There are 2 protein chains.
Amino acid sequence: MTVYHAPTRDMRFCIEELSDLEAIGRLPGFEAAESDVVQAVIEEAGRLATEVLAPLNPEGDRNGARIEGDDVRETPGFAAAYRQFVDGGWNSMPFPTEHGGGGLPSIVAFPVAEIWQASNMAFSLCPMLSQAAVEALIAHGTAELQKTYLPKLVSGDWTGTMDLTEPQAGSDLAAVSCKAVPQGDHYLITGQKIFITWGDHQMTDNIIHMVLARLPDAPAGVKGISLFLVPKFLVGADGTLGERNDMRPVSLEHKIGIHGSPTCVMSFGDNGGAVGYLVGEKHNGMSCMFTMMNLARLHVGIEGVGIAERAYQRAARYAKERVQGGAAGETGRVTIIHHPDVRRMLMTMKALVEGMRALCVCAGSAMDFALHSDDPKEKARNRERLDLLVPAVKGWCTEEGQEVASLAIQVHGGMGYVEETGAAQHFRDARIATIYEGTTGIQAQDLVGRKILRDEGRAMANLVADIRNTVQKIAQIGEFDDIENSLRIGVDLLESSTDFLISHQRDDVHTAGAVSFDLLMLTGLVTAGWQMARAALVAREKLDQGAEGSNFYQSKMVTAKFFAQHLLPRARAYGAAITAGSAAMMALDENQF
Amino acid sequence: MTVYHAPTRDMRFCIEELSDLEAIGRLPGFEAAESDVVQAVIEEAGRLATEVLAPLNPEGDRNGARIEGDDVRETPGFAAAYRQFVDGGWNSMPFPTEHGGGGLPSIVAFPVAEIWQASNMAFSLCPMLSQAAVEALIAHGTAELQKTYLPKLVSGDWTGTMDLTEPQAGSDLAAVSCKAVPQGDHYLITGQKIFITWGDHQMTDNIIHMVLARLPDAPAGVKGISLFLVPKFLVGADGTLGERNDMRPVSLEHKIGIHGSPTCVMSFGDNGGAVGYLVGEKHNGMSCMFTMMNLARLHVGIEGVGIAERAYQRAARYAKERVQGGAAGETGRVTIIHHPDVRRMLMTMKALVEGMRALCVCAGSAMDFALHSDDPKEKARNRERLDLLVPAVKGWCTEEGQEVASLAIQVHGGMGYVEETGAAQHFRDARIATIYEGTTGIQAQDLVGRKILRDEGRAMANLVADIRNTVQKIAQIGEFDDIENSLRIGVDLLESSTDFLISHQRDDVHTAGAVSFDLLMLTGLVTAGWQMARAALVAREKLDQGAEGSNFYQSKMVTAKFFAQHLLPRARAYGAAITAGSAAMMALDENQF
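Residues numbered from 1 in each chain as written. Chains lettered and ligands numbered in written order. Predicted model: local features only at pLDDT ≥ 70, side-chain atom pairs only at ≥ 80, totals over all residues.

Brief notes about the overall build of chain A
Let me state the cut-off plainly: A run of H or I in DSSP counts as a helix once it spans at least four residues, and a run of E counts as a strand once it spans at least two, with each numbered from the N terminus. Radius of gyration here is computed from C-alpha atoms only, and the compact-globule reference equals 2.2 Å multiplied by the residue count raised to the power 0.38. In this scheme every C-beta is placed from the backbone, and a residue whose C-beta has 20 or more other C-beta atoms within 10 Å is buried, one with 12 or fewer is exposed, and one in between is partly exposed. We call two residues in contact whenever the C-beta atoms placed from their backbones are within 7 Å.
Scanning chain A for helices and strands turns up 18 helices and twelve strands. Over its C-alpha atoms chain A spans a radius of gyration of 24 Å, differing by no more than 12% from the 25 Å that the globule rule assigns to 593 residues. Each of the 593 residues in chain A was classed as buried or not, and the buried ones make up 62%. Once local pairs closer than 6 in sequence are excluded, the contacts in chain A between residues at least 24 apart make up 76%.

Next comes the structure, spelled out in structure tokens:
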């Protein structure tokens, strides 16, 4: 029931055939990223996922984290699995070698992250949050803080959390009210944080919280927030653990899913103040948080892919086993995979998963060049592309992850609505992904505001040009007429929708907000459709060369066609909604709702 | 938290302004359906829902039905609420007066059903299934069976169930294997049924099961199934209850939602055979079932509307209370209803709910004329329309009900993922509606097979003509340009997609299955969009006449515009997917999934 096999072939396709692993392997710091290493890493991650993490996934759902006094008790079995994860070097794998990491590029680390999320989403949130904390510490922490905290966070001997949200400060972090009062070399933190993922557990002997709070002299709003490192147990100069800091989990949320992941209300300073250390400059916490958030957002997008892949595998297996009715062109009773409407659902799932995965690896490639290239132009171009893709990856992949998880239930029919089958858990787990690390609405706002209006559409114009380039290549191959046509309509809509936003925002302040969701979905869809078109070109080329694995390449071409024919046309609905603007959307009075 | 107010104004609009209540009130049997009676019925139903049923809804979720020995114990409080429901005459309200019913037409009964579903979906499944059993008994039962069972089923003193599904026979009822052996004036039934909604409970002193089974001489397949009435307690000639029949609930399903509704595995004949009585002719059980199924399918479609209305109300209330961030054009912190993207979600929900409700009442009107008209042509025309609309109502409204329920979570942000808020329950409850009473795929198959291909598109052509008629009327009013344009594109696509299906099905047996889902969604969307366009016309006319309630009519016009601008364009995505046909969908081998 809980079998999961990492889709290693498609992952290697994304890494080595759709992206340029060789070029990335030549970037400083990525020397380890050779083809055989990558293959071994993916295979080994898949093995741990299949053998250890996936079997624990239903256990986390049924026997979720509990609070006992001031301690959270995680699901039985999770601690041992986490130890295996750490001992295998998986926690440190994505970090730079100079900090003790494995030095693997994002184009590899992202598929590996997908494997963790697919096999056990609730479990995987723990190392995911640790990774965000590490990124912030590397980018903004003092040498002393790094020396004390980084090695154990990188290895995974300690875990990390992000403590942003307060009851009155959700999407609006400007409203953060936790306080930090200076005292000698540290600060005393007081206040309450909510929705703290893996805020407490017993898997490691320390937990390092990255907390947003305000100094006494802080200006109001978003420019008065600072970032603090607050350890669960104080750490002595020699690295030994001291007494428990003045903080505790107060309660756990009762959630629709991810029951294995404790979502804590954390109270800081009930007895005078929790000891914390400033990370980065005073009042500059938001920009430090953005360092963490970009990667966290990409990882949540990848979560959308992972949960979709898992749900797809479960549905495909069921569709091959379940016998029901006869089908046109078949004799006798058949397995339901022979029914065209079940095929439609499976192909939709498969095409979305492969499109999402390719989009994520595409963002990973941009991240690798943006962070590691020593060519300033290449670096800047990729930074711009990455910034544009982050909200699309996070927003679109999580929305589609939910669509796929819901389709998996539908393929199961009545059995899908029953918990024992397992499809239900993916559906419930997936529902969080469009909410945390910034809702889809926040991603959409980021896309239209910071990523399009701020540079007046330059980054989007570059993306459009790259997609048109692929359309031209596709046009030279007769068999891909449908892909060419559909992608051309999609990219035209992406361009005209961007123009609509830029020109109408001048006269109507509501335009940006009104079109943002549809433009986000359009961007994700067309960019994924572009990657699928590129995949079809690569597959055609490999087949023409007589490369091994024709089964895979044939399947890839069919899936790319399906994506273009059946999914990309959604672009027309998004495009029409965008050019309708804000009028009907904003016309009603509050009392008319 | 659990407040629900029936949307009585919009319901009366659908009944009296969008449909022709006066004409329906003149049909034989509907004499009671006068405007003031209708208004009183809707208001009173709303009161019971608000005061009794809605407050029990979260209780049903948290403290669902349990099995103890051979008895199912329903949620505490449900029995008393059911007694109030019966004593108020609500169970008998939709039935014909000659059988002790209230004689209210479907255009009224459907909105009342929506009120029950919205306030407490799990509870309302019980009278909904009873109603299906009553319909079958009225249509196919002998006078003797009717005399014994009908009065108590109509009043609600007994409840009814539908027992179709078996483990190997889900969507494919041809595989039913339960046995019925004749013995004197009755039959002995043996076998197991699954997914039996409200299969057992303690709210009434008898439960009447309508069971599909095979006689010993039955041919294989769907033409060898007969329908039997199997009471939980045997009923004597004088109406007194005798011993318990040989049947019992074996277990309850552990489901994602509707925990208050016991979903039973029922075992018949463990001790020799349960006493059952033939309903209708031998081997004709499927057509008897279709009598029950049509109404049940419409009611599940209405469930989609009800759960969507409930989720919408909750989200709108939260959006008016929750303060978060600033908004363009506003000063200071604002409630989130001022954020355009939250508006987009609320308007999407509102427009879908109103479009779905109008579509359901439109189907109700067709049902009223089809069943009660004494003009054969009017009767036939409405029967044809009803048959076409049933799969669209069931399929489209349940799919969109889930979209709306999911949007309600999204409006709540992180609080939506937490169970205590209540939005989560609607999301979990709603997920079943695209599955039971025939999955969306089964509805789609019914639409393309029985409702379009069988009459070579005649019923659809009539629908298309009616919609074009509205497009013409709309064109005469300048302010509705957007509605005209969008509805014209939609109806063109409905026509061309139907043509595509009919012409391609001849050469490719997979066409019907491959296009069925998209054609179903297209039909539901465009038909609802048509009703919203009609609603805009009515609202404009009422405003021009200076009718009371300009606030409502203004809001209706805006909502109709939003539907046309932001939702109807989805027709383009469905249309493009349809004309892509089955090629890419069916191309992969089983091993490529």
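Remarks on the relation of the copies chain B and chain A
Test applied: Alignment of the copies relies on least squares applied to C-alpha atoms, considering only residues that score at least 70 for pLDDT in both.
When chain B is fitted to chain A, the residual RMSD is 0.0 Å, and the transformation amounts to a turn of 180° plus an axial shift of 0.0 Å. Given the turn and translation reported, the copies of this chain are related as if by a two-fold rotation axis.

Re the nonpolar core
Soluble, globular proteins show a tendency: their nonpolar side chains are buried together. Where we set the bar: Defined on buried residues, the nonpolar core groups Ala, Val, Leu, Ile, Met, Phe, Trp, Tyr and Cys residues joined through C-beta atoms within 7 Å.
Counting residues in each nonpolar core, the largest one holds 414 residues, and the members touching the most others are Ala315 of chain A together with Ala315 of chain B. Setting aside anything within four residues of it in sequence, one finds Ala315 of chain A in contact with Leu346, Met349, Leu407, Ala408, Val411, His412 and Ala423 of chain A.

Here we look at the packing of helix α9 (residues 340-372) of chain A against helix α10 (residues 376-412) of chain A
Residue and element names in this part refer to chain A. To keep it simple, the criterion reads: Between N-to-C directions, angles cover 0 to 180 degrees, with each direction set by a line fitted to C-alpha atoms, over the stretch in contact for helices. Angle categories: roughly parallel below 35 degrees, roughly antiparallel above 145, roughly perpendicular from 65 to 115, and oblique for all the rest. Rotating anticlockwise by less than a right angle from the far helix to the near helix defines a left-handed crossing, while the corresponding clockwise rotation defines a right-handed one. Each residue gets one label: Ala, Val, Leu, Ile, Met, Phe, Trp, Tyr, Cys and Pro are nonpolar, Asp, Glu, Lys and Arg are charged, and the others, such as Gly, are polar.
Between α9 and α10, the least distance of the axes is 8 Å, while the angle of their chain directions is 160°. Between α9 and α10, the angle is such that the two are roughly antiparallel. In this structure, α9 crosses over α10, and the sense of that crossing is left-handed. Among the residues making up the contact of α9 with α10, the classes are represented as 24 nonpolar, three polar and six charged.

Let's talk about helix α15 (residues 481-505) of chain B
Residue and element names in this part refer to chain B. To be explicit about the condition: Expected span of a helix, by definition, is 1.5 Å for each gap between consecutive residues, and there is one gap fewer than residues.
For α15, which comprises 25 residues, the first-to-last C-alpha distance of 36 Å matches the rise-based estimate of 36 Å (1.5 Å per residue) to within 8%. Along α15, the positions that sit buried rather than exposed are Ile483, Glu484, Ser486, Leu487, Gly490, Val491, Leu493, Leu494, Ser497, Thr498, Leu501 and Gln505. Tucked into the core, α15 has its buried residues touching α13 (440-453), α14 (458-475), α16 (511-544), α17 (550-567) and α18 (570-579).

Let's talk about the pairing of strand β12 (residues 274-279) of chain A
Residues and elements named next belong to chain A. Cut-off, in case you're wondering: Two strands make a pair as long as DSSP finds a minimum of two bridges between them.
Burial runs high along β12: five of the six residues are buried. Sheet topology places strand β5 (residues 186-197) next to β12; three bridges connect them, and they run antiparallel. Looking at β12, one finds that Tyr187 is bridged to Gly276. Of the pairings in the sheet, the one linking strand β7 (residues 226-231) to β12 comprises three bridges and is antiparallel in character. What sits directly across from Leu227, in β12, is Val279.

Comments concerning helix α10 (residues 376-412) of chain B
Two residues of an α-helix separated by three or four positions point the same way, owing to the 3.6 residues in each turn. All names here are of chain B. Put simply, the rule is: Here the bend at a residue is taken as the angle between two axes, fitted respectively to the seven residues that end there and the seven that start there.
For α10, built from 37 residues, the straight-helix expectation of 54 Å at 1.5 Å per residue is met to within 8% by its first-to-last C-alpha distance of 52 Å. At Leu389, α10 shows its maximal bend, which comes to roughly 30°, and the proline Pro391 appears one to four places after that position. Extensive coverage of α10 is indicated by the burial of 27 of its 37 residues. Where α10 terminates, the next one or two residues include Gly413, which has phi positive at roughly 60°.

Quick notes on the domain arrangement of chain A
Test applied: Residue ranges labeled as domains rest on an automatic or database domain assignment.
Examined at the domain level, chain A breaks down into domain 1 (8-155), domain 2 (159-284) and domain 3 (443-586). Each of domain 1 of chain A and domain 3 of chain A was reduced to a C-alpha centroid, and the two centroids are 31 Å apart.

Comments concerning the interface of chain B and chain A
Size of an interface, as often reported, equals the accessible area lost when the parts are brought together. Taken together, the 72 residues of chain B in the interface contact 72 residues of chain A. A per-class count over the side of chain B that touches chain A returns 32 nonpolar, 25 polar and 15 charged.

Considerations on unusual backbone geometry
Residues and elements named next belong to chain A. Its identity is not glycine, yet Ile258 carries a phi of approximately 35°, on the positive side. With respect to the helices, strands and loops of the structure, Ile258 is situated in the loop between β10 (247-252) and β11 (263-268). Looking at Ile258, the number of C-beta atoms within 10 Å reads 30, which means it is buried. Phi angles above zero are rare outside glycine, and His283 is one such case at about 60°. Structurally, His283 is set in the loop between β12 and α8 (285-321). The exposure class assigned to His283 is partly exposed, which follows from the 18 C-beta atoms found within 10 Å.

Brief notes about the pairing of strand β9 (residues 241-244) of chain A
Residues and elements named next belong to chain A. Summarising the sheet, strand β8 (residues 233-235) and β9 pair through two bridges and their orientation is antiparallel. Within β9, the residue paired with Val235 across the bridge is Leu241. Counting the residues that bridge the hairpin from β8 to β9 gives five residues, and of these Gly239 lies at a positive phi of roughly 90°.

Considerations on the environment of Gly332 of chain A
All names here are of chain A. Secondary-structure assignment places Gly332 in the loop between α8 and α9. For Gly332, a count of 7 C-beta atoms within 10 Å gives the class exposed. Residues Gly332 and Ala366 lie 34 residues apart in sequence; the distance between their C-alpha atoms is 52 Å.

Some details on the packing of helix α9 (residues 340-372) of chain B against α17 of chain B
Residue and element names in this part refer to chain B. Where α9 contacts α17, the two axes come as close as 9 Å, and the packing angle between them is 105°. Considering their axes alone, α9 and α17 lie roughly perpendicular with respect to each other. Counting all contacts with α9, which are made through Met347, Thr348, Lys350, Ala351, Leu352, Glu354 and Gly355, the residues of α17 involved are Thr559, Phe562, Phe563, His566 and Leu567. Within the contact of α9 with α17, the residues separate by chemical class into six nonpolar, four polar and two charged.

Concerning the environment of Gln131 of chain A
Residue and element names in this part refer to chain A. Here Gln131 shows up in helix α6 (residues 121-140). Residue classification places Gln131 among the buried residues on the basis of 26 C-beta atoms within 10 Å. Put simply, Gln131 and Ala296 are 165 residues apart on the chain and 8.2 Å apart in space, counted from C-alpha to C-alpha. Setting aside residues no more than four positions away along its own chain, Gln131 makes contact with Pro94 and Leu295.

Focus on the environment of Lys394 of chain B
Residues and elements named next belong to chain B. In this fold, Lys394 is placed in helix α10. With 34 C-beta atoms counted inside 10 Å, the residue Lys394 sits in the buried group. C-alpha of Lys394 to C-alpha of Glu303: the two residues are 91 residues apart in sequence and 9.0 Å apart in space.

Quick notes on the confidence of the model for chain A
Inclusion rule: You can read pLDDT as the predictor saying how much it trusts each residue, on a scale of 0 to 100.
Confidence in the prediction of chain A, expressed as mean pLDDT, is 96, and 100% of residues score 70 or more. We note a pTM of 0.98 for the whole complex and an ipTM of 0.97 for its interfaces.

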